[in-house]
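A look at the structure
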Amino acid sequence: MTRQTPDALEKAIAEARADPAKQAAAELAILSAEIYVAPSEGTPPPGVVLGRDRPLKLMGIVLSDGVEAAAGFSQAAFAQPVLGTAASMAMRGQHFLEAFRDGVIVLNPGREEGLVLTRRDIAAILDGAGEASLTDSADLELTTPDPEPTVLVARLRSSLTVEGVHAAWLARSKDLRSGELGWRLEVRGDASLKTVRDRVRSAIEGLGFGGEALDLVMSSGQGADGEGLRLI
């Protein structure tokens, strides 16, 4: 049987095990990954959102010490051998951790790239993420800043030119539902979330945004170019 190609999350976990210096990259990968899960009551009816319209309850496993743990998988196919059913729902890793932060989570149970996250582990990862977001709203319109905010751009470029930051883009944002205007900074790389957040805060200190917010979006992926003005 041919093994499936490891995805970015599996690679990040394996690399962190081999080199503790890459722990920050693994945490970012967990937060930004698509995690596949199996709701206890099966796939919800159309229009029903688990966690909003109904409690979010997932199938899981019992650990050797008798503790029950929520199960999540980096690939949907991994669920069947463990749970006896398919993973019928995907969640962003950040939301998965937030939903089950008061318990224990197992990523890829039964596999070499598996990982057990205790309540303390989950809290540390989420605390490190702070207010940074790993996803965008589908109702957000992004454009290149015009005119270019030269002082802001210069400060961000200087602050984000650091090991572990591979690329960054600055964009103007508009919420299509409310019409609210703001700013969006996308940063990609394997620097720790805390490092990036602290550097961004330092860069914008003393600058006026006229009451508009600057949202920080982080990911470890490569992919297509981000939206807006490229900084790094």
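Below is a short write-up of the structure. Within each chain, residue numbers correspond to sequence positions counted from 1 in written order. Only residues with pLDDT of at least 70 are given local features in this predicted model, and only at 80 or more are side-chain atom pairs given and counted; all residues enter the totals for whole chains, interfaces and linings. Only hydrogens and water are set aside when side-chain values are computed; all heavy atoms of the structure are taken into account.

Strand order in the open sheet formed by 4 strands is β2-β3-β5-β6, with mixed pairing between adjacent strands. Taken across any chain shown, the strands that pair with only one partner, and hence form the sheet edges, are β2 (60-62) and β6 (115-117). With direction set aside, neighbouring strand axes in the sheet form an average angle of 30 degrees. The rule for pairing is simple: two strands pair if DSSP sees at least two bridges between them. The helix count covers DSSP runs of H or I at least four residues long, the strand count covers runs of E at least two residues long, and both are numbered beginning at the N terminus. All axes here are fitted lines through C-alpha atoms, helices being fitted over the stretch that makes contact, and every angle between N-to-C directions spans 0 to 180 degrees.

Nonpolar cores are built from buried Ala, Val, Leu, Ile, Met, Phe, Trp, Tyr and Cys residues. Side-chain atoms within 4.5 Å join them into one set. Remark: exposure states derive from per-residue accessible area (1.4 Å probe, protein chains only) relative to the maximum for the residue type, with buried under 20%, exposed over 50%, and partly exposed in between. The biggest cluster of nonpolar side chains holds 47 residues, and the ones touching the most others in it are Phe-96, Leu-97, Ile-105, Val-187 and Val-196. The biggest single contributor to this core is helix α2 (residues 23-32), with 5 residues. Any two residues having at least one pair of non-hydrogen atoms within 4.5 Å are treated as being in contact. Among all residues touching Phe-96, those that are not within four sequence positions of it are Ile-35, Val-37, Leu-58, Ala-70, Ala-71, Gly-72, Met-91, Ile-105 and Leu-107. Formed by 7 residues, the second largest nonpolar core is a distinct cluster that contains Ala-38, Ala-71, Phe-78 and Ala-87.

Side chains on a regular strand alternate between the two faces of the sheet. Bridging between strand β9 (residues 181-189) and strand β10 (residues 214-219) involves 6 bridges; their strand directions are parallel. Counterpart to Leu-185 in the pairing with β10 is Leu-216. A crossover counts as right-handed when, viewed with the strands pointing away from the observer, the path leading from the first strand over the helix to the second turns clockwise. Since β9 and β10 lie parallel, the crossover through helix α7 (residues 193-204) that links them has a hand, and here it is right-handed.

This part is about the layout of surface pockets. The method is simple in principle: a probe with the dimensions of a water molecule rolls over the atoms, and the space it marks as empty is what remains. Estimated volume of the largest pocket: approximately 330 Å³. Lining the largest pocket we find 17 residues, and of these Glu-15, Lys-22, Ala-25, Ala-26 and Asp-190 sit closest to its centre. Every element with two or more residues in the lining of the largest pocket is listed here: α1 (8-18) and α2. A cavity here means a set of points on a 1 Å grid, drawn over the protein atoms and nothing else, where a 1.4 Å probe fits but cannot get out; a pocket is an open set with protein on both sides within 12 Å along at least five of seven lines, and a residue lines either one if it has an atom within 4 Å of a point. Grid points are joined across faces, edges and corners, and a volume is the space filled by probe spheres set on the points.

Attention now goes to the packing of aromatic side chains. Pairing of aromatic side chains here covers Phe, Tyr and the six-membered ring of Trp, requires ring centres within 6.5 Å, and sorts the geometry by plane angle: under 30 degrees stacked, over 60 edge-to-face, intermediate tilted. A full pass over the atoms with the stated rule returns 2 aromatic pairs. On the basis of an interplanar angle of 65 degrees and a centroid distance of 5.6 Å, the ring pair of Phe-96 and Phe-100 is categorised as edge-to-face. Taken individually, Phe-96 and Phe-100 each receive the classification buried, so the pair is uniform in this respect. Relative to Phe-209, the ring of Trp-183 has its centre 6.2 Å away and its plane inclined at 75 degrees; by these criteria the two rings are edge-to-face. With a gap of 26 residues between them, Trp-183 in strand β9 and Phe-209 in the loop between α7 and β10 connect regions that are remote in the sequence. What makes Trp-183 buried here is its relative accessible area of 11%. Assessed through its relative accessible area of 16%, Phe-209 is described here as buried. To sit over a ring, a charge needs its Lys NZ or Arg CZ within 6 Å of the ring centre and within 35 degrees of the ring normal. Directly above the ring of Trp-183 sits Arg-172, whose terminal nitrogen or CZ lies 4.3 Å from the centroid.

Here helix α6 (residues 150-160) crosses α7 at 150 degrees, and the two axes come no closer than 9 Å. Once α6 is placed against α7, the crossing between them reads as right-handed. Judged by residue contacts, Leu-152, Arg-155, Leu-156, Ser-159 and Leu-160 of α6 engage Val-196, Arg-199, Val-200, Ala-203 and Ile-204 from α7. Per-class residue counts for the contact of α6 with α7 are 7 nonpolar, 1 polar and 2 charged. Here a crossing is taken to be left-handed if its near helix is turned anticlockwise relative to the far helix by less than a right angle, and right-handed if that turn runs clockwise. Gly counts as polar in this scheme, as do all residues outside two lists: the nonpolar Ala, Val, Leu, Ile, Met, Phe, Trp, Tyr, Cys and Pro, and the charged Asp, Glu, Lys and Arg.

A cluster of acidic residues, Glu-15, Asp-19, Glu-163 and Asp-190, forms a negative patch at the surface. Residue placement: Asp-190 occurs in the loop between β9 and α7. Using a relative accessible area of 37% as the deciding quantity, one classes Asp-190 as partly exposed. In this scheme, patches are assembled from residues that exceed 30% relative accessible area and form no salt bridge. Like charges are connected within 9 Å, while nonpolar side chains (Val, Leu, Ile, Met, Phe, Trp, Tyr) are connected within 5 Å. Residue exposure ignores everything except the shown protein chains as possible cover, and the areas themselves are Shrake-Rupley values with a 1.4 Å probe. Should a side-chain nitrogen of Lys or Arg be within 4 Å of a carboxyl oxygen of Asp or Glu, the pair is scored as a salt bridge. His is not counted, nor are the chain ends; Lys and Arg add positive charge and Asp and Glu add negative charge. A charged residue contributes its charge at one atom only: NZ of Lys, CZ of Arg, CG of Asp or CD of Glu.

It is worth stressing that arrangement in space is one thing and function is another; only the former is reported here.
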